[in-house]
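# Fold and geometry: a report
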Protein chains: 2
Amino acid sequence: MDNKVLIMGHKNPDTDSICSSIVAANLVKSFGVETKIVRLGNINKETEYVLDFLKIDAPEFIQEVKDGQEIILVDHNEKMQSVDGRDNAKVLAVIDHHRIADFNTIEPLYYLAKPYGCTSTILYEEYKKAGIEIDKTIGTLMLSAIISDTLLLKSPTCTKSDIEAVKDLEKITGLEANKYGLDMLKAGTDLSTYSSSEVINLDAKEFSEGEKKFVISQVNTADIDDVFSRREELEFAMEKEIADKKLNLFVFVITDIINTNSKIIALGNEKELVEKAFGKELDDLDSMMLEGVVSRKKQIAPPILEVIK
Amino acid sequence: MDNKVLIMGHKNPDTDSICSSIVAANLVKSFGVETKIVRLGNINKETEYVLDFLKIDAPEFIQEVKDGQEIILVDHNEKMQSVDGRDNAKVLAVIDHHRIADFNTIEPLYYLAKPYGCTSTILYEEYKKAGIEIDKTIGTLMLSAIISDTLLLKSPTCTKSDIEAVKDLEKITGLEANKYGLDMLKAGTDLSTYSSSEVINLDAKEFSEGEKKFVISQVNTADIDDVFSRREELEFAMEKEIADKKLNLFVFVITDIINTNSKIIALGNEKELVEKAFGKELDDLDSMMLEGVVSRKKQIAPPILEVIK
């Protein structure tokens, strides 16, 4: 067991999970709590761009935590998205911007959630309130996370608080959000080196509601057709995931970050849930176009969860 | 449906639930959110003392909320302790100091929890951070809640933050915590006008873990023997609750606020859980003395939950 408190984001970590882990570790350090930052999966290309830009090493990878390990969670709370072994670990704190589900503790804890576009925006406000300096590195990590989660402030998850944080962080870092952000987002759209199995797992989140278990996986792109041209091999990989994980549904979301639309592919014995959730039929290729839809958290997961409920 | 956001504590409201509802309503008002304060049960004598002292009316009683009602919860999150109809309401925010359990939402929300002795201490810090004035009334509500939940700072749930808040609130209100607090606590120990069924429901909280459902009910007293002299009628009322609510266990806790000890009475088909939890046997009167134990949240519920788990 690690004597230090472990701080971590969700499985299949995205830029917010990695950046907010580092930002949160620095915050709690100022309160006198020493932590070790860890990650639960590979660094994606977008996050790699950020870490390279800042010349920061990626946090250490871990698979599971031992019994009694003290942990702090950022950017998630649902058990399926969390570290293996969590049930017997001790969650000291959670900083998150998602719905709360399948999260139970025996003892009271610190829990800070706000319905913002990004965990780093919540952390930004905590730094401000506590009067802790945001240096260029911490500021760039926050800025990167917010740009990533809000798709350069264009996602419907984006709030006034996210926008205000970005304005201030541009000043602190000297970076132009539009320029730096587009470079960062584009770095994340390069899927050419990934196998189809890797593509559908790059940013996959598992949900459960009632008896149903499903995955929503999302990739960003500047060209939907380019990703969709790999449909056959992607569907093959999706079917394998469905069988391996006994899923009722696998939704693969291809999001156009330039035009802010998404095309989804839905497979599984409950794929009609998607048709009910969005009020339109899947075409012959198990896909449908969702105009203006870019947010899994706000636009894709809730209607599916509602239909199941 | 009420157009205003409803703000409320838990069922069987205690002083923290009532006072923190009022304190939280005043806080969110300063952020521009109009709320209506409601309560889910009778005002107990301790809380009555506070409201009489401040010449404040008790919040309106409600039984349930309608579909789609927007609500803010203070001092609890577990479903069994919450308003009826919550599953179809929309929880906008939670401010709490308990473990998180059986709490699920579809959408992201504000959630602020800290492992403090009292919800009002969390609110006190929010007022300070936001630079919002704490006037004498709000200050007295906060002070009363903290004194109630921490038994005049003597409970093991009491933290440095609670103590610091009380120090500052004494200055703000001009009250002496020890004097005002003991008067308030003593007002709450008068059980003479209550039937035994009322006594065991004054501050009863329902828990579920796995398949097990149990209630821990607590009363404060300056004389344990005085309350225990009603054992036979209290046990009769407890057996009725067990049958009506299909409970596995009912734990009635009589807490001596002067000497900070508790005597418990345990009934139900799983009363051995209590013996396992505390490592000692119930005597012939289904009771045991727990020296130094005063906190349901910290000293009574967790060992029982652990044994079930």
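Predicted, not measured: the structure shown is a model, and the values here were computed from it. (Residues numbered from 1 in each chain as written. Chains lettered and ligands numbered in written order. Predicted model: local features only at pLDDT ≥ 70, side-chain atom pairs only at ≥ 80, totals over all residues. Heavy atoms only, no water.)

## Here's the deal with the interface of chain B and chain A
- Counting residues at the interface gives 28 residues for chain B, matched by 28 residues for chain A.
- Between chain B and chain A the total buried area reaches about 2,500 Å² when both faces are included, carbon and sulfur atoms providing 60% of it.
- It is Ile100, Ile106 and Pro108 of chain B that lose the most area in chain B upon contact with chain A, and together they represent 27% of the buried surface on that side.
- For Lys129 of chain B, the salt bridge identified is with Glu126 of chain A, shortest N-O distance 4.0 Å.
- In this structure, the connection of chain B to chain A is made through 10 residue pairs in polar contact (both at pLDDT 80 or more).
- Mapped onto the side of chain B that touches chain A, the elements with two or more residues apiece are strand E6 (110-113), helix H3 (119-130) and helix H11 (296-308) of chain B.
- Split into classes, the residues belonging to the side of chain B that touches chain A amount to 14 nonpolar, 4 polar and 10 charged.
- Two strands pair when backbone bridges link them, and strand E6 (residues 110-113) of chain A and E6 of chain B are joined in this way by 3 bridges, in the antiparallel orientation. Paired with Leu112 of chain A across the strands is Leu112 of chain B, a residue of E6 of chain B. (Contact = heavy atoms within 4.5 Å. Buried area = accessible area lost by both parts, 1.4 Å probe. Salt bridge = Lys/Arg side-chain N within 4 Å of Asp/Glu carboxyl O. Polar contact = N/O pair within 3.5 Å; in protein donor to acceptor, adjacent residues only side chain to side chain. Helix = DSSP H or I, 4+ residues; strand = E, 2+ residues; numbered from the N terminus. Nonpolar A, V, L, I, M, F, W, Y, C, P; charged D, E, K, R; others polar. Pairing = 2+ DSSP bridges.)

## Observations concerning the sheet that holds strand E11 (residues 287-290) of chain A
Residues and elements named next belong to chain A.
- In spatial order, the strands read E7-E8-E9-E10-E11; together these 5 strands make up an open sheet with mixed pairing. Looking at strand neighbours, the two that pair on one side only are strand E7 (204-209) and E11, the edges of this open sheet. Between one strand axis and the next, the sheet turns by 20° as a mean value, whatever way the strands run.
- Strand direction decides the pairing type here: strand E10 (residues 261-267) and E11, joined by 4 bridges, are antiparallel. Within the sheet, the bridge partner assigned to Ser262 lies in E11 and is Leu290.
- Sheet contacts for helix H11 (residues 296-308): E7, strand E8 (212-221) and strand E9 (249-256); angle to E8, the most-contacted strand, approximately 160°. (Axes fitted to C-alpha atoms, helices over the stretch in contact; angles between N-to-C directions.)

## Looking at the side chain of Glu78 of chain A
All names here are of chain A.
- Looking at the secondary structure, you find Glu78 in the loop between strand E4 (70-74) and strand E5 (90-96).
- Classification of Glu78 by relative accessible area gives buried; the value is 7%.
- One polar contact links Glu78 to Arg99, side chain to side chain, over a distance of 3.0 Å.
- Non-local contacts of Glu78, meaning those with residues more than four positions away in its chain, are made with Arg86, Arg99, Ala101, Asp102 and Phe207. (Buried < 20%, exposed > 50% of the residue type's maximum accessible area, 1.4 Å probe, protein only.)

## Description of the domain arrangement of chain A
All names here are of chain A.
- Splitting chain A by domain gives domain 1 (5-185) and domain 2 (196-308).
- Relative to domain 2, the C-alpha centre of domain 1 lies at a distance of 25 Å.
- Tallying the contact residues gives 18 residues for domain 1 and 21 residues for domain 2.
- Broken down residue by residue, the surface that domain 1 buries against domain 2 is led by Asn12, Met80 and Leu151, which jointly contribute 31%. (Domains from an automatic or database assignment.)

## Section: the pattern of salt bridges
Residues and elements named next belong to chain B.
- Tallied over the full model, the rule gives 39 salt bridges over all chains.
- For the salt bridge of Arg231 with Glu235, the shortest nitrogen-to-oxygen distance reads 3.3 Å. Residue Arg231 and its partner Glu235 are located together in helix H9 (residues 231-245), separated by 4 residues, close to a single helical turn.
- Overall, Glu235 belongs to the buried group, its relative accessible area being 12%.
- For the salt bridge of Asp286 with Lys271, the shortest nitrogen-to-oxygen distance reads 2.8 Å. Here the residue Asp286 occupies a position in the loop between helix H10 (272-278) and strand E11 (287-290), and Lys271 occupies one in the loop between strand E10 (261-267) and H10, the gap between them amounting to 15 residues.
- Judged by relative accessible area, Lys271 falls into the partly exposed class, the value being 27%.

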